[in-house]
Each structure stands twice: as structure tokens, then as C-alpha cells.
Amino acid sequence: MSARDFLPWLAADPSAMADSVLHEATHMVPEHDDTVNAGRRDLVKMLGMGGLLVAAGPLGVRRLEAADRLFGIRGAAESWEPHAYVRIAEDGIVTILCHRSEMGQGIRTTMPMIIADEMEADWSKCRVMQADGDEKKYGSQNTDGSTSIRDFLFKYREAGATVRALLEDAAAKEWAVSADTVKARNGVVVHEFTGRTKAFGALVATARGIAMPAKERVRVKQPAERRWQGRKMTSIDLVPVTTGRATYGADVALPGMMTAVIARPPVWGGKVVSVDDSAALKVAGVERVVRIPETPIPGAYLPLGGVAVVAKNTWAAIKGRDALTITWDHGPNASYDSTAYKATLMESVRKPGQAGRTNGDADAALASASRKLSAEYYVPHLSHAQMEPVAAVARVEGGKVEAWAPTQSPQDARNTLAQYLKVDAANVTVHVTLLGGAFGRKSKPDFICEAAYLAREVGAPVRVQWTREDDLRNSYLHSVAAHHLEAGMDGSGKVTAWLHRSAYPSISATFAPNVPGPGPDELTNGASDIPFDIANMSVEACPAVAHTRIGWYRSVNAIHHGFAIGSFVDELAHAAGKDSVAFLVSLMGKDRQVDLSKAGLVAPASNYGASWTDHPLDSGRARRVLQLAAEKSGWGTSLPRGRGRGVAVHRSFLSYITMVVEVEVLPDGTVLVPRATVAVDAGFVANPDRAKAQMEGALVMAMSNTLYSEISFQQGTVVQSNYRDYQVTRMRAAPRVVDVHLVESEGLPGGIGEPGVPPAGAAIANAIYAATGVRVRELPVGRQLAGWQSKATE
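These notes cover the structure that comes with them. (Residues numbered from 1 in each chain as written. Predicted model: local features only at pLDDT ≥ 70, side-chain atom pairs only at ≥ 80, totals over all residues. Heavy atoms only, no water.)

This paragraph deals with empty space enclosed by the protein. Under the criterion given, the structure shown has seven cavities of 30 Å³ or more. Roughly 570 Å³ of volume is contained in the largest cavity. Forming the boundary of the largest cavity are 36 residues, of which Gln 105, Ser 146, Gln 694, Ile 752 and Gly 753 lie nearest the centre. If you list the elements that add at least two residues to the lining of the largest cavity, you get α4 (107-119) and α20 (688-708). Among the elements that make up the lining of the largest cavity, the one with the highest residue count is α20 (three residues). In the lining of the largest cavity, the residues fall into 13 nonpolar, 18 polar and five charged. Each pocket or cavity is described by its volume, and for the second largest cavity that value is around 150 Å³. (1 Å grid on protein atoms, 1.4 Å probe; cavity = no way out; pocket = protein on both sides within 12 Å on 5 of 7 lines; lining within 4 Å. Points joined across faces, edges and corners; volume = space filled by probe spheres on them. Helix = DSSP H or I, 4+ residues; strand = E, 2+ residues; numbered from the N terminus. Nonpolar A, V, L, I, M, F, W, Y, C, P; charged D, E, K, R; others polar.)

Okay, here's the thing in C-alpha cells:
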């Protein structure tokens, strides 16, 4: 979730907040629609009094029901389903089924507004219903990899256009006129010659009985015809979220439901030797203690196993777990130690690795370079640390499994539940709640499997609740990583050679045994696909064995790739005596598009699931966002001692992002971020407001990654336990100004949710150097800057 999604009622401008809530309360009418004119002053008073929020306007008084919006619409007339995403009732209500998970990125607003726009629906009569997991009906529902718009934009448009054409055909049939003479407009179909109109709902009976429109009748709108696509639209979930009526995983309650917490093996691959549950069973409210079988490593999406305490309430379950006496066999990873493993990684990157991208002869060019520079970088394990610890509710009855969970991938959850409980997937239903942050953690359904297993064992619905400590110590972590970079320059400071070696445990090690480290394919997540014009280049993957569960985390490997590359380029600029922006522009060379699938360049040629023909490596796009951010940030203007600007540009998830970050470093080493400027080329952006919010959130997350956060291991177990020792960016440290500029484009869409994170870390580190003269090559910054005024050097 972005920074703007947390506690927005604390915004500095309550009047602006009133605009947003009023907008929502008057039933999702777009901000540019002048049909609503309720009083802002009255609404501010209502917010201040803390009463039930209703809004009076031309649409009447309406109370918003969060649960209805998430799982369905109460009292709606019988609906007709002309498309998997769309239902229309005879009373005119249009229900759009959102097949992707909402975790603050705004897909439950953006996807429906695209379809409704193409349909020519009346937005005030649109409702959103969360779809259950069903791959045959909806296609991929895995809300991951920044794919919801870039993979489905045209499908959403075609869905809306198809329904529009079908309604127009129905009206033409009723009026016995040519379909070419009727047109849908804002929820009605109009006969252009006579002015006759029919509302969508009134056409349902006829539309049910006619054939789908011919292909030539399905016409997607041209840019000038769009009403909402590419414009700001307030989130449909704003009011439920900010008034506490949104439904998250832990909010689901079923009759007879019990709550469970689980003591899981503290070391990956460990197992229970013995358990004494006598004291636990004496805790008031504890009903049962249940052993969950351990899954042999690597384990993939299946539960770690352990001992569950099932109770009447969460507190009793937690106290019961505290009372357990368990003897563990810690297994093969009992000696995992972060300090020792860091040395192992550094040793790995100092040796040749497996080629990922090879241009020219990097070794020869380095040997003959007028000047050679090298640097090494380290990034620790990171935890998703999302605000909502994972939770799931399950019910198992009559051979059927039903689950409710904040999952990013209901289809993976459905298939994994079927595998784990040995039932047919057709007998498994997964309902998706809102997600209180996710960042990749909630793609893995291990916690949902736990709930279903326990529900089957105890014969009643069960909610499994993870605590913050569970989430930090037993989750899937972001890879720890080491990088070794070398560059050769000629006498003018031009880079003639580039060597980059990376070592980090691969995500593949969570799914397959004996994975030695990252493969070349993983380097295309921000290391091989760099937009630099360097004649001699070698990008290599080096061995790194996993000793804990590794999972994707917002931006995945682009985080540490981006930090290392963006930092090293800044070091090269300073070594060459050049301005960092000017150096980056020269490093990119002439504008060009490169197909990295060509033989000899990348092996294999992964491109975030897209073709290199549709999305080539485009140095011109990278250059333009760099220059745009530099212009808007005031790059080159002077700042006082202790303040500095840093810049980094990065391509990931098919988008190009530049961040210019301004930092202030206090005498005690505390780093503040007064301002940041972001330039984004992500092709067509469907919802600019959400895109800007994603960039704000990406910067805040990158501040956590760069300045504070670290997961470390001793004797196989995670050292950190909660936010007191796994620190994240607090509200008081959040950037005061984040100025986001979106390049207007009708190009193929790229990702938005993830690409903002990778350049931000390097930009922060480079800004710290500009402010203090201290280079940051190891994260988190932590206390590295204490006493910087006395030790700063050029």
C-alpha cells in the first residue's frame, strides 16, 4: 500500500479529505462529473463529529456497505452476465467483477472504471464485486509482477466494448432500426435520428436472447472518446477503509469459528521432536492442541508444520502457545549465520559466474583501460512487514473446502489447498478479502492451508492468525545479496568496460531442491537489461545456496540490482569528475531500441513475461525520464552542508523510472528526505492518481529498505521480532514533498506497483554521499553515518 493509503484522516488538509470522502459517499461519481453538489462544509462537520457517514445529493441518501462491495450486492435484481467481468440487472445496476486482489494499488477502482468507460455505463450505477479464484473464467488472477493493467488493459477494454455493442444491438432490435444508428451514452442507448432512449436495465430482457456482436461491431474507444481512462478517479474503497468498515482477512467471522495460532519450526527445515501441551490445555479458552505435519524442504507453498493451539479467541490461543513446551530438531540450516553468510557471498562474487549478458570482451577491455574502478555492495534479507499480518479463515464440510483470505493469488491458493488436503480443486472455493498490504507475501498460500487443515481436523471453521513475530520469523524473505562491479574508462572518462557479478539465494530454491544460486534469467530483473551503451559488458550470476524460505518481494531482484548499479554509476561519475546526470546521459549513448533476445546477449531472454518486440530495451525512454526528473527537481542548484541530491534511473517491469531524492543528514547521522522528484514512463497510465500514489509508496518503502530494515540470522533463527528491531519508515520521517511526473503516452502499458522501488535506494545513497562525502555500499545505512562530519572524505 502507498503512504497515502495509511491513516488518510490525519492528512494535513482535512478539507481535501472531505472532498475525497464526499466523492465516495455520493456513490462513486467521478470528480469531473458535475452532477453532485453536496455541501463540503457539512461533510467536514460530520467527519469531526465521528458519526455515521451518509451523503445527501441528487442521487439520494445512501449508506455504503463495505461487505456488499467486497463480496456482492444485497437486494440487486436478477442479473444478466454478458461477460465474465460484467453483470447487468434489470434495475440498471451494473456489477463489475474484479478478478485481481486489492492491496492499496487501486485495481478495484481502475479495472472497473476501464470497463465502465468502454461500456458507456453510468458510474453512479456501477458496483464492484470481488471475484473468487477461477482460472477458467477469469484467466490469471495472480496479482503480482505489476501485471494487472499491463497484461489486461486491452482485455478490459474489449470486455466493455463488447457489452456496449451488445446493448446497442438489443436496442436496435427493439426499435427495428440499424445498429449503426444507435449509440450507448452514460447508461442509456440513444437512437440518434429520433432521440429515443432506453436504459441499460430495460434492455436486459432483449439482450439475453441475442447473439454476441460481430467482431467488427466491437470497437474500443479512441483516446478522445474516453471519459475516465487516464484520469484521476477516487478509490471506491476509500470510505470503507477510512471508516473501519472494510473487510480484511481477520474480519471474517463464521458461526462456531475458533481461532488458532501456531508454533512453527524456528529454523527452515526443522521439526518437532516432542511436545508437552499439558499447561496449554489448562489455559482458559483453549480447546485443542493439534500437530501439523512438517513439509520437507524446500516446501514451496505448503505449511512449515508445527503445533497449533486452537481456542475460543485469539488471546487464549496466544497464551496457550506460550505455555507449550516443544523440543525441536533444527535440521540442516541450524548453523545459518548472517555474518558468516555475508563473507560467503562476497567470496562468491569475486570469482567468475554464469554469463547472463555478454557484449564484446569485458576482461580484455578492463585490462587495457586507462582507469579501472571497482566496488562491492551488500543488501540484507528483508521482510515484507506489511501492516496486516497474514490471517485466513477456512471451513471444511462434506468434502468441500471454503476459504476466506487476503490472498494475492486465489488460484494458487485453490490449487495448493486441493494438493495439501488431497481433494479435487473443483471442491475448493477461495474468497478474496481486502489486503492490508502484501508486497508479494500474500502470493503464498501456506497460511490458508494451515487454516483449512485445522478446520478439517477440529470439525469447525478456524481462523489462523499470524502475529507480527510470526510474520518476521517464519515468512518468505527477500534475498540477501552481494554485488561486485568493475568498470574501465578511457582518458576522457567514457566507460569502455563493465563487469557485474551478483550472488543471492534464488527464489527457485523455495520450489526445487539443490538450487545453487540465481540463474541468468534472474539477471534480467534489472541487471542485464540496463540501458547503457557499453561496448564490452559481462553480467554474471554467482553461486549462493538458500538457508531460509525465499519469496518475491516488491520489485524482487531489481531492488539490490538497482541499488548496486545506481550507486556504482554515481561513483563512476564522480571519479570522472562529471555531473551525475550528464554522466548518465552520456552512458546511455544515442537513443536506440535493443532486442535482448538476440543470440549472445542474454541467456535466456526473459522480459517480465513480454516479448522484446513489444517492449525492447529503449535508451531513449530512459534518457527522457532522467532529463525530466533533473529539470523538475532543480538539479544542480546549491544546497547547504548536510543536504544533498542523488539521482538514479532504472528499467524494471517494462517501465522506466528516475528518482531524484534530496536528503538532509543531521549531525547524529539521522537521514531525512525533505523532497523527491519522480519521472515515470510506464506507457499508458490508466489511473494517474493511483500511479502517483504508488511512486510515493515506493519511495517510502525504499527508505525503509535503505535506511532501517534488516533481517539477520543467528543459529538458523531470525534475530528480529517486531517493528522495534525491524524498523520501517515512520510517518514522522516520511518525505514532505514527492513530486511525480507521468510521461503521457498511448504506448503499451508497463508496470506501476514495483518499478519505483529500485532507483529510490540508489538515489538516497547517492544523495547521502552528496551531503556528507560518505559512500554507502552496505544496507541498511543504520548507524553508519554517526559522526559523519568528522570522517567525511571525497
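The structure having been displayed, the exposition proceeds.
Enumeration according to the criterion identifies 13 aromatic pairs in this entry. Considering the side-chain rings of Tyr 85 and Tyr 156, the 5.7 Å spacing of their centres and the 70° angle between planes classify their relative orientation as edge-to-face. Of this pair, Tyr 85 sits in the loop between β1 (79-83) and β2 (86-89) while Tyr 156 sits in helix α6 (residues 153-175), and the two are 71 residues apart along the sequence. By relative accessible area, Tyr 85 is classed as buried at 4%. Look at Tyr 301 and Phe 511: their rings are 5.3 Å apart centre to centre, the planes differ by 85°, and that puts the pair in the edge-to-face class. (Phe/Tyr/Trp six-rings, centres within 6.5 Å; stacked < 30°, edge-to-face > 60°. Buried < 20%, exposed > 50% of the residue type's maximum accessible area, 1.4 Å probe, protein only.)

Now for the layout of surface pockets. Put simply, the second largest pocket is a space of about 560 Å³. What lines the second largest pocket is a set of 22 residues, among which Ile 507, Asn 525, Val 556, Tyr 608 and Phe 653 lie closest to the centre. For the lining of the second largest pocket, the per-class residue count stands at five nonpolar, 10 polar and seven charged. Shared between two domains, the lining of the second largest pocket holds at least three residues of each, these being domain 1 (3-235) and domain 3 (481-492 + 504-790). (Domains from an automatic or database assignment.)

A word on the nonpolar core. Trp 498, Phe 532, Val 661, Val 663 and Ile 768 are the most contacted members of the largest nonpolar core, which totals 107 residues. Those residues within four positions of Phe 532 in sequence are excluded, and the remaining contacts are Trp 498, Met 537, Ile 565, Val 569, Leu 584, Leu 587, Met 588 and Arg 592. Counting residues in hydrophobic clusters, the runner-up holds 49 residues, among them Cys 98, Ala 121, Val 189 and Trp 228. (Core = buried A, V, L, I, M, F, W, Y, C linked by side-chain atoms within 4.5 Å. Contact = heavy atoms within 4.5 Å.)

When you tally the buried positions in strand β24 (residues 643-652), you get nine out of 10 residues, the bulk of the element. Sheet analysis places β24 next to strand β25 (residues 655-665), joined by 10 bridges and oriented antiparallel. Paired with Ser 652 across the bridge in β25 is Ser 655. As consecutive antiparallel partners, β24 and β25 are separated by two residues, and within that stretch Phe 653 has a phi angle of approximately 50°, a positive value. (Pairing = 2+ DSSP bridges.)

Remark: helix α17 (residues 558-575) packs on helix α18 (residues 580-588), axes separated minimally by 9 Å, with the N-to-C direction vectors making an angle of 105°. By the angle between their axes, α17 is roughly perpendicular relative to α18. For the pair α17 and α18, the contacting residues are Val 569, Asp 570, Leu 572, Ala 573 and His 574 in the first and Ser 580, Phe 583, Leu 584 and Leu 587 in the second. Considered class by class, the residues forming the contact of α17 with α18 number six nonpolar, two polar and one charged. (Axes fitted to C-alpha atoms, helices over the stretch in contact; angles between N-to-C directions. Parallel < 35°, antiparallel > 145°, perpendicular 65-115°, else oblique.)

For the rest of this paragraph, the subject is the side chain of Ser 383. Positionally, Ser 383 belongs in the loop between β14 (371-379) and β15 (391-397). Separated by 3.2 Å, the side chain of Ser 383 and the backbone nitrogen of Ala 385 make a polar contact. Among all residues touching Ser 383, those that are not within four sequence positions of it are Asp 471, Leu 472, Leu 477, Tyr 553, Ile 711 and Tyr 726. (Polar contact = N/O pair within 3.5 Å; in protein donor to acceptor, adjacent residues only side chain to side chain.)

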